[in-house]
Every structure is written in structure tokens, then in C-alpha cells.
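Results of the structural survey
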Amino acid sequence: MGARLLASIDEPPRPHAGHPARRASFNDRSCEAGKEHQGAFSVRLRLPPERASRHRSAGVTQLLTADEVSRALRRLAHELLEANRGADDLVLVGIQTRGVPLAKRLAALIEDIEGTEVPAGALDVTLYRDDLTRRGPLPLGETRVPVSVDGRTVVLVDDVLYTGRTIRAAMEAVLELGRPARIRLVALVDRGHRELPIRADHVGKNLPTSADDRIRVLVEEVDGRDEVVAEEGADA
Amino acid sequence: MKPLANLLSIEDLDAEQVVGILDTAEQLLPIAERRRNSVPTLRGKVVCNLFLEDSTRTRISFDIAAKRLSAEVINFSAKGSSVSKGESFKDTALTLDAMGVDCVVVRSGSSGAPLQLSRYLEVPILNAGDGWHQHPTQALLDVFTMRRHLGDLAGRHVVVVGDVLHSRVARSEVQALKLLGARVTLVSPPTLLPPAVERWGVQVSQDLDAVLPDADVVYLLRVQRERMHRAFFPTSREYSRVWGVDVARLEKLPDHAIVMHPGPMNRGVEITADVADSERAVIVEQVTNGIATRMACLYLLLSGDAEGAEVTA
């Protein structure tokens, strides 16, 4: 899994500009439609100079290091506890694929801070997507929420908040599971470009991006390391 | 996984596609079991159940599977339809096409009818059983059930007992099991073995008691009286004694082995009532798993739109 991802990062950019047609493949692991624009990218990242100096290889820019990811998660755990006035009645629900390990880590951090065990689950929103006809069929992930959501505060956890369409689907999916008291949203990265009136309650890092860039959150549990990178095409 | 265009026969699938269908069914099972509500995935799609041969459980199973995915379902059966007035198969197909259905699930007494239909229509065709030929969703739900009980089926031993000759289930089942690397033994009266069985790549035995201790699954086929126009075996009682599974035979199985039957059962013929009701029999579970498997097939055939998939955001 990790090896495939890394390989795709190192792929040379496609020679043709614009929006080359790319058929969504059943083997595409990630279901986050639109978060990862396929095809050519232009170098239009508005990055501060110190970030720009983090260039690793052609077309890939590191946006967050493993340490920065871990600090952001720790802060998010504190923010969640503060906003919720403790850990009571919280359920963390990670959105497949990379939201799931992030939710688990947040639950562990909250337990470290508060000493309260917080249930963490997984949600696959593929069956609720509004773009399935265009991209489908996509492989289905597991949906497993260990407790009833009725009357609890459900915290959706996602890696990248982009168009908001995944979150719209996730809210529909959660509401099918029961009637939570409220739904909150935590995103490790908010890259802007919303297409729906959705806003995260807690954000790890705001990263202004061009819609042509591809932001990838890599997590240890799935990709073998923690990192946030932007992938760009060379042909701007 | 290579995308599916139709589901006509297990022969058209590769191992990766079978595993893809089973993995999809696994995630849809909570919805099939009603532990989760139905999903809006196929909203606006129209599935036509074209049943030209009697079937209750398969039609209802497809009906429920489509509805759990929020598709609209049209049931079209031979009785009381234009087919009984003499409309040809082709004209029926073209009529359905003109009505704008998105998928046709077809059951027919004629082998090859779904393949023929796929030549008339552009929409995905799902074979729900054709003559003696194939019943792919039954085979898929069966291997799904086996996998849930036994894990990976590679190297597992499945004993299929009974009327292999008339059985489209057996044909599909053997192909699906071989794709997943399982070993198959057919146990059947010589009169009910198909002519070219040696080319199936399976073992054949006439001694049920000898193969049971080594079986992971015993799959009992229904004695299909409606297809038997000759005397293939003397009496039901003799069939039951030689080829049926009773408690004494159940005890010869290893502890982990399961007993399966595609239904409807002839209690007292191929299976005794106490075996059918025992904990080793997973026959009722097969029915629920059938809904999940058919949901998976409909999802994989209908959720994407090949032309739309070409367009990028």
C-alpha cells in the first residue's frame, strides 16, 4: 500500500496539460473524491519561503512533517475536550481511509489527557457519495461504530477537508446510524475550495492551495510514515 | 479489479473479480441483515426482474437487494405478461430497453437466454439462473458463506452431493470454488453425472461415507423432480439412503465442517429434517448472504457509468 503510494508520487508528470481524462479505478484505495485531483498540476502553491525550501523531489513539497502532524493532533485533542467540556458522550468517527487511524490517535490522546476512554469508529461514505456515477464503482471500506450514536456528540475525523462533499455524505451516513445530539467535524488539513456550506469545528492546519494541487496526508498506519505533502505537475 | 459489464457466468470472471464481489458483499452484509438502514446508492436506477421461469426466493432476494440500495424495481414474469401472449424474447427485450431500464436480472429455463439478452441490450444483464447452464449469484453467495465460516478457501475441500447433471448451481459452484483454489469432489449417482465431467477438473466419487471425514463443506443439491423426465434413480427412499445426509453421516464430518443447500430443500430426500435444523447447517444464513451478494453485484454493475467516468472534475 505504502509502496504503491510512494511510487505514484515519483511518477513523472503527464506530458499534456489541462484535464486529461482519467478513469476512476476500482483499485484506487482512497475514496476522497475531488480531494485528489488526478492528472496535471500547476505550481501555484502559495507557500511561505521556509515551506518552499522543504522541496524533497521534483513535484512534491512537504507541507507538514511528522512532528508537526503529531503536535497538531495533540492540540486538536485539547481543543475537542475544551469545546465539549470533557470527554463525556464523545464518539470519534474516522472517515475511511485515513480518517480512521487519525480518529484512533485522537481517542488515545484524549485518554492520555482526561483518563477517559473515548470510543473510536470507522465510517465508509462511498454508498452515500453524490459522484459515484461518475467515479464508481469504488471499493467499499468498513463502517464500524462501536457504540450507539443516539444522544452523543459524534466527531467526524477526516484527513483533508476540501469540497465538503465527503462530509455531506458522512453526515447522511451518521444520521442513518441514529440520532446524535450533535455532529462536529475535525480535519487535519483544511485546503479550502468548499463547494458546500460546510465548515470544520477544529482544524489541524489551514493550507491555502490551488485547486490544481493534490494534497496528500500520509499516516503511519496506512502509508508507513506521517507527512502532509503537495504534489504538483511541472507543466504549469 | 477489472470492471464488470454483465454477470452472465462464473466462467467470465477471474479470481480477483470474485474476491472483489465477496469483499463488497462483506461490507454490505450489515445492510442486508438490517443492522443498518438501506442506502441511497442506486437512487434513480431502474432494475427489471425478468423472470421467465418460476422462482420465488431468487426473485425476492434480487428485489430486496435492489431496494436496500434504493433502486426502483420492476417485476416482469412470464405469466400474465406479453410473453404469455406470444411475444418473442427479442421483442420483450427491446420493449424493456425502450422503457429505460438500467439493468435486467433474467431467469430463464433456456440455457444462454441471458447471453442472448446481452446482445440485444446495452444495459448490464445479470443472470439469475438459465436452464442447466449457470446460476452465478448462487455460486457467489455460497462461496461467500463458506469464506465467512472457513476463511480463505484455498486448499479447502468441498463435497457436492446429488443431481449434478441438471444443476446449474453445481456448474457455477465448481467454477467459483476452483477460482478460489478449493478442492471439489462430486458425489452423485452415475446417472446424474454430466457427460464430460472428467473435464471439470474435480474428483468424482460414488461413496459418500468415504469422503465425509475429509470434507470442510458438504453441499447438497436439490433433487430436481421437475427436470427429471426419466428414471435416474429407483425411489426417493433409496436416494435418501445412499446419497442423503442424515445425523449418522453428519457425525462423520470434521467438527468445523458446515452443511449447505441452495434451497428449496426436499426434507427427507437429500437432507433429513434433523440435519437441516442442526447447528451445522447454514442454509438460512445462505439466504441472508444471498441478499448481500446480490447487492454487491448490483452495486458493481450499476454504481459506475463508463461514459461519465471519462470526465474529470
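Cut-offs used in this document
Residues numbered from 1 in each chain as written. Chains lettered and ligands numbered in written order. Predicted model: local features only at pLDDT ≥ 70, side-chain atom pairs only at ≥ 80, totals over all residues. Helix = DSSP H or I, 4+ residues; strand = E, 2+ residues; numbered from the N terminus. Buried ≥ 20, exposed ≤ 12 C-beta atoms within 10 Å, placed from the backbone. Contact = placed C-beta atoms within 7 Å. Rg over C-alpha atoms; globule rule 2.2 N^0.38 Å. Pairing = 2+ DSSP bridges. Axes fitted to C-alpha atoms, helices over the stretch in contact; angles between N-to-C directions. Parallel < 35°, antiparallel > 145°, perpendicular 65-115°, else oblique. Left-handed = near helix turned anticlockwise from the far one by under 90°. Domains from an automatic or database assignment. Nonpolar A, V, L, I, M, F, W, Y, C, P; charged D, E, K, R; others polar. Right-handed = clockwise from strand over helix to strand, strands pointing away. Expected span 1.5 Å × (residues − 1).

Check the secondary structure of chain A and you find seven helices and eight strands. Buried residues in chain A amount to 42% of all 236 residues. In chain A, of all internal contacts separated by at least 6 residues, the share reaching a separation of at least 24 is 73%.

Moving on, we get to the overall build of chain B. Regarding its fold elements, chain B presents twelve helices and nine strands. In terms of overall size, chain B behaves like a compact globule, its C-alpha atoms giving a radius of gyration of 20 Å where 313 residues would be expected to give roughly 20 Å. Seen through its C-alpha atoms, chain B measures out along the principal axes to roughly 60 × 45 × 35 Å. For chain B, with 313 residues in total, the buried portion stands at 46%. In chain B, of all internal contacts separated by at least 6 residues, the share reaching a separation of at least 24 is 75%.

All names here are of chain B. The strand order β7-β6-β5-β8-β9 describes an open sheet built from five strands, whose pairing is parallel. On the outer flanks of this sheet lie β7 (203–205) and β9 (258–260), each paired with one strand and no other. Across the sheet, the mean angle separating the axes of adjacent strands is 20° when strand polarity is ignored. In terms of strand pairing, strand β5 (residues 157–161) meets strand β6 (residues 183–187) through five bridges, oriented parallel. Each residue of the ladder has a partner; that of Val 160, found in β6, is Leu 186.

To continue, consider the sheet that holds strand β2 (residues 90–95) of chain A. Residues and elements named next belong to chain A. Taken in spatial order, the five strands line up as β3-β2-β4-β5-β6 in an open sheet, and their pairing is parallel. Each end of this open sheet is capped by a strand with a single partner; those strands are β3 (120–123) and β6 (202–206). Going from strand to strand, the sheet's axes swing by 25° on average, the running direction of each strand aside. Two elements, β2 and strand β4 (residues 153–161), share five bridges in a ladder whose sense is parallel. In the strand pairing of β4, Val 91 is matched with Val 154. Against the sheet, helix α4 (residues 99–114) engages β2, β3, β4 and β5 (182–190), with an angle of about 155° to β2.

The next thing to look at is the packing of helix α1 (residues 15–32) of chain B against helix α11 (residues 283–302) of chain B. Residue and element names in this part refer to chain B. Close contact between α1 and α11 brings their axes to 7 Å; oriented N to C, the two are set at 120°. Classified by the angle their axes make, α1 and α11 are oblique. Handedness of the crossing formed by α1 with α11: right-handed. For the pair formed by α1 and α11, the contact residues are Ile 21, Thr 24, Ala 25, Leu 28, Leu 29, Ile 31 and Ala 32 on the first element and Thr 288, Ile 291, Ala 292, Thr 293, Met 295, Ala 296, Cys 297, Tyr 299 and Leu 300 on the second.

The residue A:Gly151 is located in the loop between α5 (132–135) and β4 in this model. Between the C-alpha atoms of A:Gly151 and A:Arg182, which are 31 residues apart in sequence, the distance is 7.8 Å.

Attention now goes to the domain arrangement of chain B. All names here are of chain B. For chain B, the domain assignment lists domain 1 (10–134 + 288–306) and domain 2 (136–282). If you look at the interface, domain 1 gives 22 residues, while domain 2 gives 18 residues. For the side of domain 1 that touches domain 2, the secondary structure elements donating two or more residues are α1, β4 (125–130) and α11. Class assignment for the residues of the side of domain 1 that touches domain 2 results in ten nonpolar, eight polar and four charged.

This part covers the packing of helix α5 (residues 136–150) of chain B against helix α6 (residues 168–179) of chain B. All names here are of chain B. Relative to each other, α5 and α6 sit at 50°, their axes nearing to 8 Å. Put simply, α5 runs oblique to α6. Viewed along their axes, α5 and α6 form a crossing whose handedness is right-handed. Here Pro 136, Gln 138, Ala 139, Leu 140, Asp 142 and Val 143 of α5 come into contact with α6, specifically with Val 169, Ser 172, Glu 173, Ala 176 and Leu 177.

A few words on the pairing of β3(A). All names here are of chain A. By the alternation rule, side chains of β3 split into Ala 120 and Ala 122 and Gly 121 and Leu 123, which are all buried. With four bridges connecting them, β2 and β3 associate as parallel partners. Following the sheet pairing, Leu 92 is matched in β3 by Ala 120. In the classification by handedness, the crossover that spans β2, the intervening α4 and the parallel β3 is right-handed.

Moving on, we get to unusual backbone geometry. Across the junction of A:Gln96 and A:Thr97, the peptide omega takes the value 0°, indicating a cis bond. Structurally, A:Thr97 can be placed in the loop between β2 and α4. In this chain, B:Gly263 is followed by B:Pro264 through a cis amide linkage whose omega measures -10°. As for its position among the elements, B:Pro264 is in the loop between β9 and α10 (273–276).

On to the environment of B:Leu13, then. Residue and element names in this part refer to chain B. Along the chain, Leu 13 turns up in the segment before α1. In this structure the C-alpha to C-alpha distance between Leu 13 and Arg 119, which are 106 residues apart in sequence, comes to 18 Å. Not counting residues up to four positions away in its chain, the partners in contact with Leu 13 are Val 18 and Leu 179.

Before going further, it helps to spend a moment on the pairing of strand β3 (residues 103–108) of chain B. Residues and elements named next belong to chain B. Within β3, six of the six residues are buried, leaving the element largely enclosed by the surrounding structure. The alternating pattern of β3 places Cys 103, Val 105 and Arg 107 on one face and Val 104, Val 106 and Ser 108 on the opposite face, and all of these are buried. Note: β3 against β4, four bridges, orientation parallel. By the bridge assignment, Ser 108 is partnered in β4 with Asp 130. A crossover connection joins β3 to the parallel β4 through helix α4 (residues 113–120); in handedness this β-α-β unit is right-handed.

Residues and elements named next belong to chain A. Relative to the 18 Å expected for 13 residues at 1.5 Å per residue, helix α6 (residues 165–177) spans 19 Å between its end C-alpha atoms, a close match to the ideal helical length. Taken residue by residue, α6 has Arg 165, Thr 166, Ile 167, Ala 169, Ala 170, Ala 173 and Val 174 as its buried positions. Where α6 is buried, its residues touch β2, β3, β4 and β5.

What follows covers α11(B). In a regular helix each residue adds 1.5 Å, so 20 residues correspond to 28 Å; α11(B) covers 28 Å between its end C-alpha atoms and thus fits that length. Within α11(B), 15 of the 20 residues are buried, which leaves the element mostly enclosed by the surrounding structure.

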